[in-house]
Amino acid sequence: MGACGIVTSPSILLVHGMWGDGSFWNRFRRRFERDGFNSSPITLVHHDTPQDLHGLRHAGIMNYVAQVREAVRGCPEPPVVVGHSMGALVAQKVAEAVVLKGLVLLSPVPPAGISPIRPSVLMTMGANLPDALLSRPFRIPWRNARYGLFNTLPPREQVVVYRSFLYESGRVLWQILRGGVSVAERNMSCPVLVGVGSEDRATPPPIARRIAFKYGADFHEYPGECHY
């Protein structure tokens, strides 16, 4: 986990999604640094390698939320938190409890009250439903990742990203699918931006729009882009 630096621009904390770690944000960080921002990626608990799969089996979404809250409290000033996919759900829950400069939700997983279930979502995650029910660590199969996560990426990039994938908590997937993570938008005081690709099959644009409406957020749909 990176530490916030003391800089004039707001610090940016970056929260990855399922199967990832802090390196997911490398290209983002290079761009932020060129623009004068200090950015720090957070590798969520049990996503370091080698992975502690026993610990991951017992990890829930609130373990991730507690970790990111602690990182926010370690910043000298309220940071901007950027979350992708599951990491965006973590970021929503963090913003409910601590003061942030801003919140950016990319391809966000929805909180309770907004169903994550769409036909394309079931086709993306359906193979891992037994992992969710049994709360066991899992990786998404290649064919499902190619369909739901990488569908507009060049074939070579699809392979490179998939080979970087780690195991994720089945317990977390079950919490997401059953809508077990509520967020009280009345407790959030920072500006919010929601972004999604028009071809995202894991978090389709209608879901992202409902999330933006929940928070009165700015919304941007990126033409021709997928979940990654």
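For the structure itself, look to the data block above.
Basis of the calculations
Residues numbered from 1 in each chain as written. Predicted model: local features only at pLDDT ≥ 70, side-chain atom pairs only at ≥ 80, totals over all residues. Heavy atoms only, no water. Phe/Tyr/Trp six-rings, centres within 6.5 Å; stacked < 30°, edge-to-face > 60°. Helix = DSSP H or I, 4+ residues; strand = E, 2+ residues; numbered from the N terminus. Buried < 20%, exposed > 50% of the residue type's maximum accessible area, 1.4 Å probe, protein only. Lys, Arg positive; Asp, Glu negative; His and termini not counted. Salt bridge = Lys/Arg side-chain N within 4 Å of Asp/Glu carboxyl O. Contact = heavy atoms within 4.5 Å. Pairing = 2+ DSSP bridges. Right-handed = clockwise from strand over helix to strand, strands pointing away. 1 Å grid on protein atoms, 1.4 Å probe; cavity = no way out; pocket = protein on both sides within 12 Å on 5 of 7 lines; lining within 4 Å. Points joined across faces, edges and corners; volume = space filled by probe spheres on them. Nonpolar A, V, L, I, M, F, W, Y, C, P; charged D, E, K, R; others polar.

**Student:** For this particular structure, what's the right way to read the packing of aromatic side chains?
**Tutor:** The geometry of an aromatic ring pair is captured by two quantities: the separation of the ring centres and the angle between the planes. Tallying each qualifying case throughout the model produces twelve aromatic pairs. Between W19 and F138, the ring centres sit 5.9 Å apart and the planes meet at 85°, which makes this aromatic pair edge-to-face. Placement of W19 in the loop between strand 1 (12-15) and helix 1 (26-34) and of F138 in the loop between helix 6 (129-134) and helix 7 (142-148) is noted, with a sequence separation of 119 residues between them. F138 carries the same exposure label as W19, and that label is buried.

**Student:** So what exactly am I meant to see when it comes to the side chain of R69 here?
**Tutor:** Mapped onto the secondary structure, R69 falls in helix 3 (residues 61-73). Here R69 sits buried without a salt bridge, and the closest side chain of opposite charge, E96, lies 4.5 Å off (N-O distance). With sequence-adjacent residues up to four places away left out, R69 is seen in contact with M62, K93, V94, A97 and V98.

**Student:** What's the story with the pairing of strand 6 (residues 218-222) in this structure? I'm lost.
**Tutor:** Along a regular strand, successive side chains alternate from one face of the sheet to the other. The sheet contact formed by strand 5 (residues 192-197) and strand 6 spans five bridges and is parallel. Within strand 6, the residue paired with G195 across the bridge is H220. Viewed along the sheet, the connection from strand 5 through helix 10 (residues 205-215) into strand 6 turns out right-handed.

**Student:** In this structure, what is going on with the pattern of salt bridges? I would like to understand it.
**Tutor:** Pairing between side chains of opposite charge can happen when their charged atoms approach one another. Using the criterion set out here, one finds seven salt bridges in the structure. Its salt-bridge partner being R27, residue E157 comes within 3.1 Å of it at the nearest N-O pair. Within this pair, whereas E157 is found in helix 8 (residues 155-163), its partner R27 is found in helix 1, the two being separated by 130 residues in sequence. Overall, the relative accessible area of 26% leaves E157 in the partly exposed class. Taking relative accessible area as the criterion, R27 reaches 58% and is therefore assigned exposed.

**Student:** What's the story with empty space enclosed by the protein in this structure? I'm lost.
**Tutor:** To find leftover empty space, one rolls a probe the size of a water molecule over the atoms. Taken as a whole and judged by the stated rule, the model has one cavity of 30 Å³ or more. Lining the largest cavity are 21 residues, with S85, V109, M125, A202 and T203 sitting closest to its centre. Put simply, the parts of the chain that give the lining of the largest cavity at least two residues each are helix 5 (119-125) and helix 9 (170-177). Taken together, the residues of the lining of the largest cavity sort by class into 15 nonpolar, six polar and no charged.

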